[in-house]
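Structural characterization, general
Residue-level listing of the chains:
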Amino acid sequence: NPAPKIFIARFFLRQHFSLGNEMENTDPDQNQIAGPLPKSRLTVTVGKFSLTDVFDDNRYSHDARTQFLNWALWSGAAWDCAADTRGYDWGVLTEFHRPSWLMNFAAVMVPSYANGPYFDHDIARAYSLNLELVKPYSISGLDGRLHLIVFLNHGAMGNYRSAIDRGRSTLSAPEIDRTSSYCSKYGFVISAEQALGHTAGLFSRLSWNDGKTETWAFTEIDRSFHAGVTIHGDAWGRKEDNAGIAYVVNALSADHREYLARGGYGFLIGDGALSYALEQITEAYYCARLFPSFSLTLDDQVVINPAYNRDRGPFVNILSLRGHVEL
C-alpha cells in the first residue's frame, strides 16, 4: 500500500532487577539508556521488539545498517526467527546477566501464515520459544564470546513431505499451504566472535533447523555456515570507518529440496523446477564515516547458485551503495 502510514517498530516496558552490588556503566545505544547497572541482574522486557535486538549480538556481524547486508550474515540464517513481515514481535524477554556468562530467554508470538504481517492469537498453540547461552572468554588478552541458541516454533505450518505426497496423489505440483496444521519446528545456532587485535575481529556461525515444515518467518535456509573478518579504520588512521569480508554457504533439507524440485513455491523462492546446488555468497564492504552523523558504504556480493539453482548462475554480482544517518 503506497499510502503513508505510521508504523510502531518497538513499544516495550523494560525493568532491571539487581542481583548484586557490583555496578557497571552502560553507554547510550540502540534500545539502551545510559547509566549504571548491576553486573548481576535480571532484565525483563514486555511488549513489542525484535528478537535480534538481544539474541546473537555478535559485535562483528549483526547490524545491516553499518556492517554486512546479506540476510545470511545478520545472524544464524537457519534460525527461523519469529517475527512479522517487518521483523518485529510481541512477547516476553528475560536476560539473566552474570559477570562470567549470560542467558536470554524469550517467548513470543508467531505469524498466522508464512511471512505474514498478522499474528496468530491462539497462543496456546502458536508460539516461539528461544533460549541463548553466552560465554565470554579471553585468549592471550584478546576477548571472545561463544553463543548457543536453541529455538522451538509452534504454529499452523505446512509440511514439505505431506505436500509432496499430496501432489503425487493429485498429479500436480505440491502446495505447502494446503497441508497446514499446528506442528513444531526446531533448530540451533552456534555463533563465535574473536578479537584479532585492537583493530580486527573474526566471526563465524553454524545454524540448522529440522527442515520438515515450511519456512515461517525469516528466510528459506535450512542449514548455513559462514565466517568472516571485520577491520576497524584505526588500522589506517580513520577510526570511524570499518570494512569486512565474509563467505557463506547455505543449504536446504532433503524434503525442502524435493518440494521445490517438484514445482513447489515458498514465500521467497521457487522456479517451478530445481537443479539443486549449494548457494554460496561472498560479500565485502567498506563503510566510511563522512560526517559525524552520516556514513556511506560500498558493498559487493557475489552469489553462486542463487536460490540453490545452478540454472540461475553460475553467479550474480550485486553492487550496493548504502547511506546511513544516525543522530
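Located above this text is the structure these notes cover.
Report follows, based on the coordinates. Since the model is a prediction, treat every value here as computed from it, not as a measurement.

**Some points on the nonpolar core**
Counting residues in hydrophobic clusters, the biggest one holds 27 residues, and the most contacted among them are F68, L73, F203, Y259, L260, Y276 and Y308. Breaking this core down by element, the ones donating at least two residues are helix 1 (71–74), helix 2 (160–170), strand 12 (242–251), helix 3 (254–261) and strand 13 (279–291). Setting aside anything within four residues of it in sequence, one finds Y259 in contact with Y160, A163, I164, P174, E175, I176, G264, Y265 and G266. F49, F55, A114 and V189 belong to the second largest nonpolar core, which has 19 residues in total.

**Details of the pairing of strand 9 (residues 181–195)**
Where strand 8 (residues 142–157) and strand 9 come together, 14 bridges link them in antiparallel fashion. Paired with N153 across the two strands is K185, which belongs to strand 9. With nine bridges joining them, strand 9 and strand 10 (residues 200–209) adopt antiparallel strand pairing. Residue E193 lies in a different strand from strand 10, and its bridge partner there is F203. In textbook terms, the turn of a hairpin is the stretch between consecutive antiparallel strands, and for strand 9 and strand 10 this stretch comprises four residues, one of which, G197, has a positive phi near 145 degrees.

**Looking at a nonpolar patch on the surface**
Together, W101, M103, L133, L148, V150, I190, L206 and F225 make up an exposed nonpolar region whose accessible area comes to about 630 Å². Secondary structure elements with two or more residues in the nonpolar patch: strand 6 (101–108) and strand 8. For F225, a relative accessible area of 35% gives the class partly exposed.

**Overview of the layout of surface pockets**
Each pocket or cavity is described by its volume, and for the second largest pocket that value is around 400 Å³. What lines the second largest pocket is a set of 18 residues, and nearest its centre among them are N70, T219, I269, E279 and A307. The set of elements that each furnish at least two residues to the lining of the second largest pocket consists of helix 1, strand 13 and strand 14 (294–304). Its residues assigned to classes, the lining of the second largest pocket comprises eleven nonpolar, four polar and three charged.

What counts and how
- Each chain has its residues counted from 1, running along the sequence as written.
- Owing to the predicted nature of the model, reporting of local features is limited to residues with pLDDT of at least 70; listing and counting of side-chain atom pairs is limited to 80 or more, with chain, interface and lining totals taken over all residues.
- The basis for every side-chain value is the complete set of non-hydrogen atoms in the structure, without hydrogens or water.
- In this text, buried Ala, Val, Leu, Ile, Met, Phe, Trp, Tyr and Cys residues form a nonpolar core when linked through side-chain atoms within 4.5 Å.
- Working definition: with a 1.4 Å probe on protein chains only, accessible area under 20% of the residue-type maximum means buried, over 50% means exposed, and in between means partly exposed.
- Counting from the N terminus, the helices are the DSSP runs of H or I reaching at least four residues and the strands are the DSSP runs of E reaching at least two.
- Here, two residues are considered to be in contact whenever any of their heavy atoms come within 4.5 Å of each other.
- We call two strands paired when DSSP finds no fewer than two bridges between them.
- Only residues whose relative accessible area exceeds 30% and that form no salt bridge are eligible for patches; like-charged ones are grouped when within 9 Å, while nonpolar side chains (Val, Leu, Ile, Met, Phe, Trp, Tyr) are grouped when within 5 Å.
- Under the convention used here, a 1.4 Å probe and the Shrake-Rupley method define accessible areas, while residue burial counts only the protein chains that appear.
- By definition, a salt bridge exists where a carboxyl oxygen of Asp or Glu is found within 4 Å of a side-chain nitrogen of Lys or Arg.
- Buried and open spaces are told apart on a 1 Å grid over the protein atoms alone, a cavity being a set of points where a 1.4 Å probe fits but cannot get out and a pocket being an open set with protein on both sides within 12 Å along at least five of seven lines. Residues with an atom within 4 Å of a point are the lining residues.
- Grid points are joined across faces, edges and corners, and a volume is the space filled by probe spheres set on the points.
- The nonpolar class holds Ala, Val, Leu, Ile, Met, Phe, Trp, Tyr, Cys and Pro. Asp, Glu, Lys and Arg form the charged class, and all remaining residues, Gly among them, are polar.

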